[in-house]
There are 2 protein chains.
Amino acid sequence: MNVEITPGDTGSPPTGCGPIRPESEGPGTTLRHRVFECVRSAGAVSRIDVAKQLGVSPASITALVGELLDLGLLQERADASRTTTRGRPPVALSVQPDAGYVVGIKLSRTRHTALLVDAAGQPLAEASLACSDRRRSLDQILSETEKVLDTLLGRAGLQRGDIACIGLGMPGMIDHAAGRLVWSPLLTERDRPLRSLAEDRFGVPVAVDNDANLVTLAELWFGKGRAMADFAVVTIEQGVGMGLVLNHRLYRGAGSLGMELGHTKVQLDGALCKCGQRGCLEAYIADYALVREASTALDASGSGSTGDEAMLEQLFEQAKAGNEAARVIFRRAGRFLALGLANVVNLFDPSLIIIAGERMQYDYLYEDDVIGEMHRLSLNRTGRAPQQIETHAWGDLMWARGAAALALSEIADAMAEGRT
Amino acid sequence: MNVEITPGDTGSPPTGCGPIRPESEGPGTTLRHRVFECVRSAGAVSRIDVAKQLGVSPASITALVGELLDLGLLQERADASRTTTRGRPPVALSVQPDAGYVVGIKLSRTRHTALLVDAAGQPLAEASLACSDRRRSLDQILSETEKVLDTLLGRAGLQRGDIACIGLGMPGMIDHAAGRLVWSPLLTERDRPLRSLAEDRFGVPVAVDNDANLVTLAELWFGKGRAMADFAVVTIEQGVGMGLVLNHRLYRGAGSLGMELGHTKVQLDGALCKCGQRGCLEAYIADYALVREASTALDASGSGSTGDEAMLEQLFEQAKAGNEAARVIFRRAGRFLALGLANVVNLFDPSLIIIAGERMQYDYLYEDDVIGEMHRLSLNRTGRAPQQIETHAWGDLMWARGAAALALSEIADAMAEGRT
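A few points on the structure. All values reported here derive from a predicted model rather than from experimental measurement. (Residues numbered from 1 in each chain as written. Chains lettered and ligands numbered in written order. Predicted model: local features only at pLDDT ≥ 70, side-chain atom pairs only at ≥ 80, totals over all residues. Heavy atoms only, no water.)

## Brief notes about the overall build of chain A
Step number 1: Helices and strands together make up the secondary structure of chain A, namely 12 helices and 14 strands.
Step number 2: In chain A, the proportion of contacts linking residues at least 24 apart, taken out of those at least 6 apart, comes to 62%.
Step number 3: Accessible surface, chain A as shown: approximately 15,700 Å² in total, 49% of it carbon and sulfur. (Helix = DSSP H or I, 4+ residues; strand = E, 2+ residues; numbered from the N terminus. Contact = heavy atoms within 4.5 Å. Areas by Shrake-Rupley, 256 points an atom, 1.4 Å probe, with all protein chains shown as cover.)

Set out below in structure tokens:
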């Protein structure tokens, strides 16, 4: 292991004029960190291209790359895909995969998923754990997390001490910078120091974030984000989440708690939301909103025993079979989804919006009608191509890969702050 | 003049991996530009503090500061406010005020306002021009702009050739990067190459933007933004606009057309908006929305001749006098304003929201009830101080100062791209 982070000293709050959180692409982001990020996002890139991209002299880049090579974070190899006229192939820089192992863990209601990756982000092993869908204590959740972590390490033949960082994500409001859990639908408790409790239990540095940011990081590191500077991700599952990438970096909001698109109000005094307020977007389109409507409109006998997922399945089957009440439920939810997406377009104007979630099979919510309505509700920006929309039905493993990206970011951030 | 920008070559679209627009704080922002921005925002600052803030070695900063001193963009003076133990006062860097003159012009419905400032942003002269409030041609608007510009230059004893850049702002949708007017309530035309037409007429480089971004730049350069990294500005006048500062820089949206908060939908199939769609936030709270309600609920005889401003004045007087219908109009508009502000909080979580506009005298819209409702509609982020709200009743001159800041940014950007 070349990379070590001491548990507890990650992500301390910024003070005064000093370095600020690197994820905000602030002035405190060191040039060395920017060089590393540039190589990471490119996959393989020459020194001269790094210099061009960062607008810094080749001599400075050579010096910084030298430091990163010495630290064992980058490697250089002859780039076989290009040759110069002199016959000597140019040298491409890439991330040194052996620089460290990290683990990404996505916690969700009924299943936890863990993934081991190398420093270049390549998956090496995975594990998952089925669990109760009841709200439970943080202690119980951490015990489950420990179980899936140890299963994963056992499969890979590694010890906890071999792991440079664990990225841990769950639904809810998570303060990434402070490492604090504000609220999660998985938990009976609120406002707990999640990161330090996890670090104490696992003896490994931990980074925490909400699940919408995980899937956004997965897109940023391993998906569309390698090529796009700005895009938005909207997740629809038990709640509605949003991640936003600005200029190749995840934007977490000024307060580091994430962008709560699901709780933006789309109707004054509207439908009741799980958060206790009224008129939130997710009160019209999240799973629980559809289940609530299904239990009103359909023959809902036995719904208490079959649970929400079965109820949703039943609603979808009935809509497909032509039940008008079921169709009306999906149609309205689809219109509100279109409204939510149009609000994202009107505010951020991203060139791409990725809709992600497990339940993409409910195609009533994602059909052409919804995209058409979104365009109608968006401002006409003359002469511009219409917003591109993609739906990615990622399973838990992609979210876990995002958690691994979170851990890799943490290593890069530690390096930026001179903690390596 | 030490600073010159050739008309027409400003803001060319980014290509490939090369430098991107500096306002997006991209990797293409050169370190020299970052040094200049750091000095500009600090007012006066030492080399060592610049090095600390940017996370770059003091030696690199000294070299870059040397270049900026040679270009005549920065100056250094003994910092009388601090002395070292050795008795020699440290040297503070500041922007060289003689580096160039710029003009900021705010165009609005009934009055255009122009301001001359030096390179450090200090106002030197001002001028304004009353004009018709009818929609008119772009040619007519540019003639009016030319008149107010020449009045201003006459007062200052300057020629057009003495001006390094003109910042020009107006309400509507303006594509800053492309210099294109998409739509404005002032104009009968849409989709016109505003910047190049203005440059052809004035013979001076021009930068264009929408008015909400102007007031945000004014706050960033001369107001609260000197101390705050992240804040939002919401403008309420004929329309509803928004500006967002992330990490000390104006964020213009991925497409450079600005953040259209006024056209985010707050009710599906709701009130009709000027844009032709329904349920937009501004269809509930902008001037025209209040006028529309006033003309329905009040004795509106003669409103056609007195115009919107008189009608609004009358509505406000009646509410103050106890007319319940008038009060209900303000109360509802206030609740929708609270909802719009809460959506800004839920998405961005800025530590400060500044509400700006000329019509702050309608205190029904800005009273404690509205702030209270905004807090009720915002997610409870445990352990966090509630969002700070300020109302700034800036007149046209402050907006013109923002236009001047736009022109100064353009100079700094030209420098970053090596065009000086």
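## Some points on the pairing of strand 3 (residues 101–107) of chain A
All names here are of chain A.
Step number 1: Summarising burial for strand 3: six of the seven residues are buried, a large majority.
Step number 2: The pairing of strand 3 with strand 6 (residues 163–170) spans six bridges and is parallel. Residue lysine 106 lies in a different strand from strand 6, and its bridge partner there is glycine 169.
Step number 3: Relative to strand 4 (residues 111–117), strand 3 runs antiparallel, the two sharing six bridges. (Buried < 20%, exposed > 50% of the residue type's maximum accessible area, 1.4 Å probe, protein only. Pairing = 2+ DSSP bridges.)

## Describing the environment of B:Val344
All names here are of chain B.
Step number 1: With respect to the secondary-structure elements, valine 344 resides in helix 10 (residues 324–348).
Step number 2: For the pair valine 344 and methionine 242, spaced 102 residues apart in sequence, the C-alpha to C-alpha distance is 9.5 Å.
Step number 3: Those residues in contact with valine 344, other than ones at most four positions away along the chain, are Ala232, Met242, Leu261, Asp349, Pro350 and Ile353.

## Points about the packing of aromatic side chains
Residues and elements named next belong to chain B.
Step number 1: A complete count under the given rule lists seven aromatic pairs over all chains for this structure.
Step number 2: Judged by centre distance (4.0 Å) and plane angle (15°), the ring pair of tyrosine 284 and phenylalanine 336 falls under stacked. With tyrosine 284 in helix 7 (residues 282–285) and phenylalanine 336 in helix 10, the pair connects residues that are 52 residues apart, well separated along the chain.
Step number 3: Sitting over the ring of tryptophan 221, arginine 40 keeps its end group 3.6 Å from the ring centre. (Phe/Tyr/Trp six-rings, centres within 6.5 Å; stacked < 30°, edge-to-face > 60°. Lys NZ or Arg CZ within 6 Å of the ring centre and 35° of its normal.)

## Considering the sheet that holds strand 12 (residues 249–251) of chain B
Across a sheet, strands are paired by hydrogen bonds formed along the backbone, either parallel or antiparallel in direction.
Residue and element names in this part refer to chain B.
Step number 1: Strands sit in the order 12-11-10-13-14 across an open sheet of five strands; the sheet is mixed. Looking along the sheet, the strands with just one partner apiece sit at the ends: strand 12 and strand 14 (388–392). Strand-to-strand twist of the sheet, defined as the mean angle between neighbouring strand axes without regard to direction, takes the value 25°.
Step number 2: Where strand 11 (residues 240–246) meets strand 12, three bridges bridge the pair, whose relative direction is antiparallel. Paired with valine 245 across the bridge in strand 12 is leucine 250. (Axes fitted to C-alpha atoms, helices over the stretch in contact; angles between N-to-C directions.)

## Here we look at helix 3 (residues 58–70) of chain A
Residue and element names in this part refer to chain A.
Step number 1: For helix 3, built from 13 residues, the straight-helix expectation of 18 Å at 1.5 Å per residue is met to within 8% by its first-to-last C-alpha distance of 18 Å.
Step number 2: Taken together, the buried positions of helix 3 are Ile61, Leu64, Val65 and Leu68. On an axial view of helix 3, the arc spanned by its buried residues comes to 105°, and they lie on one face. In helix 3, those exposed residues whose orientation departs by more than 90 degrees from the buried face are Ala59 and Asp70.
Step number 3: Positive backbone phi, at 80°, marks glycine 72, one or two positions downstream of helix 3. (Expected span 1.5 Å × (residues − 1). Arc of directions from axis to C-beta.)

## Notes on the state of the cysteines
Residue and element names in this part refer to chain B.
Step number 1: The full count for this structure, using the stated rule, is zero disulfides over all chains.
Step number 2: Here cysteine 275 stays free of any disulfide, with the sulfur of cysteine 273 as its closest cysteine sulfur at 3.7 Å.
Step number 3: For cysteine 275, a relative accessible area of 33% puts it in the partly exposed group. (Disulfide = S-S within 2.5 Å.)

## Some words on the pattern of salt bridges
Residues and elements named next belong to chain A.
Step number 1: Tallying each qualifying case throughout the model produces 39 salt bridges over all chains.
Step number 2: For arginine 32, the salt bridge is made with glutamate 67, and the minimal N-O distance between the two is 3.2 Å. Residue arginine 32 is found in helix 1 (residues 31–42), and its partner glutamate 67 is found in helix 3; the two are separated by 35 residues along the sequence.
Step number 3: Among the ionic pairs, glutamate 146 bridges to arginine 160, the shortest N-O distance being 2.9 Å. Placement of glutamate 146 in helix 4 (residues 138–156) and of arginine 160 in the loop between helix 4 and strand 6 is noted, with a sequence separation of 14 residues between them.
Step number 4: Three or more residues joined by partner-sharing salt bridges are found here, namely Asp139, Glu146, Asp150, Arg160 and Arg201. (Salt bridge = Lys/Arg side-chain N within 4 Å of Asp/Glu carboxyl O.)

## Section: the nonpolar core
Step number 1: Core analysis: the largest hydrophobic core is formed by 100 residues, its most contacted members being A:Met242, A:Phe348, B:Met242 and B:Phe348.
Step number 2: Non-local contacts of B:Met242, meaning those with residues more than four positions away in its chain, are made with A:Leu347, B:Ala212, B:Asn213, B:Ala232, B:Val233, B:Thr235, B:Met259, B:Leu261, B:Val344 and B:Phe348.
Step number 3: Ranked by size, the runner-up nonpolar core spans 42 residues in total, among them A:Leu54, B:Leu31, B:Val50 and B:Leu64. (Core = buried A, V, L, I, M, F, W, Y, C linked by side-chain atoms within 4.5 Å.)

## Details of the side chain of A:Asn213
All names here are of chain A.
Step number 1: Inspection of the secondary structure puts asparagine 213 in helix 6 (residues 211–222).
Step number 2: In this structure asparagine 213 comes out as buried when scored by relative accessible area, which is 1%.
Step number 3: Here asparagine 213 is in contact with Met242, Gly243, Leu250, Arg252 and Gly258, once residues within four sequence places are set aside.

## Considering the pairing of strand 2 (residues 91–95) of chain B
Regular strands show a simple pattern: their side chains alternate between the two faces of the sheet.
All names here are of chain B.
Step number 1: For strand 2, the tally of buried residues reaches four of five residues, placing the bulk of the element in the interior.
Step number 2: Note: strand 1 (residues 74–78) against strand 2, five bridges, orientation antiparallel. When the bridges of strand 2 are listed, glutamine 75 appears paired with serine 94.

## Some words on the sheet that holds strand 11 (residues 240–246) of chain A
All names here are of chain A.
Step number 1: Ordered in space as 12-11-10-13-14, the five strands form an open sheet in which the pairing is mixed. Either end of the sheet is taken by a strand with one partner, and the two such strands are strand 12 (249–251) and strand 14 (388–392). Going across the sheet, the axis of each strand differs from the next one's by a mean of 25°, ignoring polarity.
Step number 2: Running at roughly 145° to strand 13 (residues 352–356), helix 10 (residues 324–348) makes contact with strand 10 (231–236), strand 11 and strand 13 of the sheet.

## A short note on helix 6 (residues 211–222) of chain B
An α-helix turns once every 3.6 residues. As a result, residues three or four positions apart point the same way.
All names here are of chain B.
Step number 1: Taking 1.5 Å of rise per residue, the 12 residues of helix 6 would be expected to cover 16 Å, and the 16 Å separating its terminal C-alpha atoms lies within 8% of that figure.
Step number 2: Within helix 6, 12 of the 12 residues are buried, which leaves the element mostly enclosed by the surrounding structure.
Step number 3: All buried positions along helix 6 are accounted for by Asp211, Ala212, Asn213, Leu214, Val215, Thr216, Leu217, Ala218, Glu219, Leu220, Trp221 and Phe222.

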